Amino acid sequence: MLNLTEQLQLMRQFYGTGATRSYAFRKQQLLLLKRAVEANEEAIYAALEADLHKSREECWVTENGFFLTELKDVLANLKKWMEPEPVPTNLLNLPSSSKVLREPLGVVLIIGPWNYPFQLLFTPLIGALAAGNCVVLKPSEFAPATAKIMQQIIESCFPPEQVLYVPGDGATVIPDMMNHFTFDHVFYTGSTAVGKIIYKMAAEKLVPVTLELGGKSPAVVEADANILVAARRIAMPKYSNAGQMCVAPDYVLVHQSRQAELIKALQQVIPQFYGADAAAEAGYGRIINEKQFNRIVGYLKDGTIVYGGQHNAADLYIAPTVMVDIAPDAPVMKEEIFGPILPVISFNTMEEARDIIAQNPNPLAFYVFTSSADKEKAWLEAVPAGGACVNTASLHLTNPNLPFGGRGFSGTGAYHGKYSFDTFSHRKAVMKTPTWFDPALKYPPFTGKLKLLKWLVG
Ligand code: NAD
């Protein structure tokens, strides 16, 4: 029986054979994966129901259906993306020609979290396979049913020297791998705290990283917003998966003149989505485990509850909740909530709202609800964030034509669609110079050639 490091070395050897490089191979591997995921649709639903109480509909939109949409997009475009990209050549080097080649990185590690345990492990896998890499997959240990079905799918599709599935305790197996083997890239999704640990281990060996982290993503509701639409579009992603979504609106900053109206609208739309008792609603999620449950319930004392607040530890249930009267230094405003509690805080001036946002800089996403083009522009410029939406929230991540990623505390790098392919490819710069033209003036001695060099080098 091989140990983990020996298995990784076998992957390196397999990668070195060049087997993963051709378009035909990459396409075949992606198709294999697609068919296996389609064939296991029911098992995936059952696993996500067991881990997070997700409905089949929610799974389709955010997990397996999301994955299949991305996969189809990549299959339709991969050939084109793999082609050498010709670029112009500067005067100094004429008559050379220049191009950018996309080459695979090698053996890459993808680390997933528990909140969208299927999508957030398998979607980066599409990019890594499309780019011709060998891949190590590390699922979260906190979504065990989904981790198990993903393992079955991977092991039915790929030999371990090409795609190796490594379940287990992250704090043990990840350092074990990263300290004894030099990956060519590490793609990590999860908390900022663990992201720092991964970044440090990667830095020791100068391994490049993509970090998809969390943070407090604000939603600003301006005085001129359509309040009912804003309430719907904030509540939908906020309470989806019981708020355990990296791009969920973390808190709302509403112009003081519309605060009462927004709260009324939230009180109206939440029961329309989840009934008077969300605990009885099949489509409403549960908190992943007791530790997270206790952390989130702790925030309920940080303000006045104007909707929800009910919770039940035995069922890991926390009702969709709206809170007001929150002190700026309350814990709920200092940490990513990652649960179904929505603080609603009022502001008078843009500066006031910006100061609150600046307490948690560089959020993964920023949302603004306004009917004014000037306000939209001002807000988009005012808040540095990974991504943004205007008059909607969170849905930017479902468009594969947009790069998805954070900045600073919310991460580094981006993926989805072509951006995934680029993330898992190296751009190799290639210049080719013909031999028939080789004038002496290109060679030393250069004395007296300054005027010519100024013209050539511009
Ligand atoms: P986490 O950091 O606990 O775990 C993520 C992964 O890291 C798991 O696979 C785990 O095994 C591993 N891990 C845990 N401790 C480790 C350690 N000490 N050393 C090495 N590896 C370790 O994250 P989580 O709680 O699963 O996910 C929630 C967080 O992820 C939230 O902050 C959320 O915002 C963020 N997130 C971000 C995105 C995004 O796309 N940017 C998506 C989902 C979640």
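Residues numbered from 1 in each chain as written. Predicted model: local features only at pLDDT ≥ 70, side-chain atom pairs only at ≥ 80, totals over all residues. Heavy atoms only, no water.

As a further point, take the nonpolar core. Among soluble globular proteins, nonpolar side chains are generally buried collectively. With 115 residues, the main nonpolar core has L33, F122, L137, I153, V221 and V344 as its most contacted residues. The residue makeup of this core includes at least three contributed by each of domain 1 (4-213 + 408-430) and domain 2 (218-398). The residues contacting L33, other than those within four sequence positions of it, are F67, F122, L125, L129, I153, I154, C157 and F158. Of all hydrophobic cores here, the second largest spans 27 residues; its members include V173, Y188, L211 and L213. (Core = buried A, V, L, I, M, F, W, Y, C linked by side-chain atoms within 4.5 Å. Buried < 20%, exposed > 50% of the residue type's maximum accessible area, 1.4 Å probe, protein only. Domains from an automatic or database assignment. Contact = heavy atoms within 4.5 Å.)

Here we take up the pattern of salt bridges. What the rule picks out here adds up to 15 salt bridges. K54 is the partner of E63 in a salt bridge, and the nearest nitrogen-oxygen pair spans 2.6 Å. When its relative accessible area of 0% is taken as the criterion, E63 is described as buried. For K54, a relative accessible area of 1% corresponds to the buried category. (Salt bridge = Lys/Arg side-chain N within 4 Å of Asp/Glu carboxyl O.)

What follows concerns helix α9 (residues 192-204). The terminal C-alpha atoms of α9, which comprises 13 residues, lie 19 Å apart, in line with the 18 Å expected from a rise of 1.5 Å per residue. Buried residues belonging to α9 abut β3 (107-111), α8 (170-180), β6 (185-189) and β7 (209-212). Downstream of α9 by one or two residues, L206 has phi in the positive range, about 50 degrees. (Helix = DSSP H or I, 4+ residues; strand = E, 2+ residues; numbered from the N terminus. Expected span 1.5 Å × (residues − 1).)

This brings us to the domain arrangement of the protein chain. How big an interface is tends to be expressed through the accessible area that disappears when the partners come together. One can read the domain layout of the protein chain as domain 1 (4-213 + 408-430) and domain 2 (218-398). Computed over C-alpha atoms, the centres of domain 1 and domain 2 are 31 Å apart. Domain 1 puts 16 residues into the contact, and the matching count from domain 2 is 21 residues. Of all residues in domain 1, H53, W114 and S410 give up the largest surface area on contact with domain 2, accounting jointly for 32% of the area buried on that side. Here domain 1 and domain 2 share zero salt bridges between them. Taken together, the connections running from domain 1 to domain 2 amount to nine residue pairs in polar contact (both at pLDDT 80 or more). The residue inventory of the side of domain 1 that touches domain 2, partitioned by class, reads seven nonpolar, six polar and three charged. (Buried area = accessible area lost by both parts, 1.4 Å probe. Polar contact = N/O pair within 3.5 Å; in protein donor to acceptor, adjacent residues only side chain to side chain. Nonpolar A, V, L, I, M, F, W, Y, C, P; charged D, E, K, R; others polar.)

Here we come to the site of the ligand. In the vicinity of the ligand, 28 residues are found, and the nearest of them are G112, E141, Y188, L213 and E336. Between the ligand and G190, the relevant distance is 3.2 Å, taken from an oxygen atom to a main-chain nitrogen or oxygen of the residue. E336 places a side-chain nitrogen or oxygen 2.5 Å from an oxygen atom of the ligand. Contact with the protein chains covers 91% of the free accessible surface of the ligand, which is 840 Å². When contributions to the shell around the ligand are tallied by element, the ones reaching two or more residues are α8, β6 and α9. For the shell around the ligand, the residue count by class is 16 nonpolar, eight polar and four charged. Composition of the shell around the ligand by domain shows at least three residues from each of domain 1 (4-213 + 408-430) and domain 2 (218-398). (Near = heavy atom within 4 Å. Areas by Shrake-Rupley, 256 points an atom, 1.4 Å probe, with all protein chains shown as cover.)

Below, the discussion takes up the sheet that holds strand β2 (residues 97-104). The strand order across the open sheet formed by three strands is β1-β2-β18, and the pairing between neighbours is antiparallel. On the outer flanks of this sheet lie β1 (85-87) and β18 (425-432), each paired with one strand and no other. In this sheet, neighbouring strand axes are inclined to one another by 30 degrees on average, regardless of whether the strands run parallel or antiparallel. Here β1 pairs with β2 via three bridges, running antiparallel. Residue pairing across strands places P86 opposite K99, the latter belonging to β2. (Pairing = 2+ DSSP bridges. Axes fitted to C-alpha atoms, helices over the stretch in contact; angles between N-to-C directions.)

What follows covers the packing of helix α2 (residues 23-39) against helix α7 (residues 144-157). Contact pair α2 / α7: the axes reach a minimum separation of 10 Å and the direction vectors enclose 140 degrees. As far as their axial angle goes, α7 and α2 are oblique. Here α2 runs over α7; the crossing is right-handed. Across the interface between the two elements, L32, L33, A36 and V37 of α2 pack against I153, I154, S156 and C157 of α7. Split by residue class, the contact of α2 with α7 holds seven nonpolar, one polar and no charged. (Parallel < 35°, antiparallel > 145°, perpendicular 65-115°, else oblique. Left-handed = near helix turned anticlockwise from the far one by under 90°.)

Hydrogen bonds between backbone groups are what pair the strands of a sheet, and the pairing can be parallel or antiparallel. If you trace the six strands from one edge of the open sheet to the other, you get β5-β4-β3-β6-β7-β17, paired in mixed fashion. With one partner strand each, in any of the chains shown, β5 (163-165) and β17 (411-412) form the two edges of the open sheet. Note that β3 and strand β4 (residues 134-138) share five bridges and pair parallel. In the strand pairing of β4, I110 is matched with L137. Each of β3, β4 and β5 is contacted by helix α1 (residues 4-16), which is oriented at about 150 degrees to β4, the strand it contacts most. The strands that α9 touches are β3, β6 and β7; relative to β7, the one it contacts most, it runs at about 175 degrees.

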